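Tertiary structure, described
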Amino acid sequence: MIATAPQIVSLEAFLENPLERAEWVDGQLIEKSEMTAKTGRIQAKLARYWGNYKDSSGQGGEVYTETACRTVGRVRCPDVAYLPPDRCNS
């Protein structure tokens with residue numbers, strides 16, 4: 001078997017046409033595994049608890065699930081993420 005080099009995809013190309021269930025890491029597309037029922041249940045509880053805490057504490061911000069988050073050299077889709085008020089667009 002001959003190994004082939006992974007195809008490099010530019011960030012701009014990925015953002016123009018993002019693939020579902022894929023993340024962009026240092027120019028390479030990484031496929032996310034399917035979520036199990038157990039993982040989905042944990043994700044839902046964590047998002048609910050985090051949202052409740054955010055609201056009761058008055059700190060503001062937003063809680064997201066499965067949303068693309070851009071960092072240095074990466075576009076990842078964490079199961080649950082929090083964006084503080086100064087980073088929210090709305």
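None of these values were measured; they are calculated from a predicted model.

Brief notes about the pairing of strand β2 (residues 28-31)
- Relative to β2, strand β1 (residues 22-25) runs antiparallel, the two being bridged by four bridges. Bridge assignment links W24 to a residue of β2, and that residue is L29.
- Hairpin connection, β1 to β2: the antiparallel pair is bridged by two residues, and D26 has positive phi, about 50°.

Quick word on the pattern of salt bridges
- For the structure shown, the criterion picks out seven salt bridges.
- E34 is the salt-bridge partner of R21, the closest N and O atoms lying 3.9 Å from each other. Here R21 is found in the loop between α1 (11-16) and β1, whereas its partner E34 is found in the loop between β2 and α2 (37-57), with 13 residues between them in sequence.
- For R21, a relative accessible area of 26% gives the class partly exposed.
- Measuring nitrogen to oxygen at the nearest pair gives 3.8 Å for the salt bridge that ties R74 to D26. Highlighted residues: R74 in strand β5 (residues 74-76) and D26 in the loop between β1 and β2, separated in sequence by 48 residues.
- What you see here is one network of salt bridges that share partners, running through R21, K32, E34, E66 and D79.

About the cut-offs
Residues numbered from 1 in each chain as written. Predicted model: local features only at pLDDT ≥ 70, side-chain atom pairs only at ≥ 80, totals over all residues. Heavy atoms only, no water. Pairing = 2+ DSSP bridges. Helix = DSSP H or I, 4+ residues; strand = E, 2+ residues; numbered from the N terminus. Salt bridge = Lys/Arg side-chain N within 4 Å of Asp/Glu carboxyl O. Buried < 20%, exposed > 50% of the residue type's maximum accessible area, 1.4 Å probe, protein only.

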